[in-house]
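# A closer look at the structure
So you can see what is in the structure, the chains are spelled out below.
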Amino acid sequence: MRILLTRLVIGTFLLVFLWLGVASTHADKLALSVKDNQSVLSGSEVIVTIIVPEGTELTGTAIITLEDITFQDQPSVELAKASAPASALLNAQSTIAVPFDLQVVDPKATINVAVHIDADNSGTITDGDWLSDSIVIVINNSKFDVAVSLVKI
């Protein structure tokens, strides 16, 4: 009986050591894979083309925000923000790049691009400002180049 118990304990230890070695090797490979992907994507950016009606003169500042809107009963969480003079949007340079860190993006999150053209530079939404009026999902659906329409308040 003692010999059988000894063999069972030794066999269990061998299986545990073997399992730990395989799991450790797999974890190391996974960590390298994630690190390689993050080094490629950590400098990621979303390219936003802002669509305004023809002949519109824009003043103020264009503020583009990447926000996590996963939970509808909670405020959105700002992940990244970029701004530019609104007057630059009517030239050939009508796109704005919004850099973001992929490490702060939850892979299961719903990420929206929100645009606010603060016409009077008040820092708040007021009459005369322009806002995006629809949800534009990016990043987790593999879209990094989007167009956003605006409406005037």
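Further remarks concern the packing of aromatic side chains. Two measures describe an aromatic ring pair: the distance that separates the ring centres and the angle between the ring planes. Evaluated as defined, the whole model comprises one aromatic pair. Measuring from ring centre to ring centre gives 6.2 Å for F100 and F144, while their planes differ by 10°; the resulting arrangement is stacked. In this pair, F100 sits in the loop between β4 (95-99) and β5 (111-118) while F144 sits in the loop between β7 (137-138) and β8 (145-152), placing the two residues 44 residues apart along the sequence.

Averaged over all residues, the pLDDT of the protein is 80; the fraction at 70 or higher stands at 73%. In this model, residues 22-42 is a region of pLDDT below 50 whose contacts with residues beyond four sequence positions or in other chains number four contacts.

Another point: the nonpolar core. Core analysis: the biggest nonpolar cluster contains 29 residues, and V48, L66 and V113 have the highest contact counts within it. Those elements giving two or more residues to this core turn out to be β1 (45-51), β2 (61-68), β3 (77-85), β4, β5 and β8. With residues near it in sequence (within four places) discarded, V113 still touches V46, V48, I64, T65, L66, S132, V136, V138, V146 and V148.

What counts and how
- Residues numbered from 1 in each chain as written.
- Predicted model: local features only at pLDDT ≥ 70, side-chain atom pairs only at ≥ 80, totals over all residues.
- Heavy atoms only, no water.
- Phe/Tyr/Trp six-rings, centres within 6.5 Å; stacked < 30°, edge-to-face > 60°.
- Helix = DSSP H or I, 4+ residues; strand = E, 2+ residues; numbered from the N terminus.
- pLDDT = per-residue confidence, 0-100.
- Contact = heavy atoms within 4.5 Å.
- Core = buried A, V, L, I, M, F, W, Y, C linked by side-chain atoms within 4.5 Å.
- Buried < 20%, exposed > 50% of the residue type's maximum accessible area, 1.4 Å probe, protein only.

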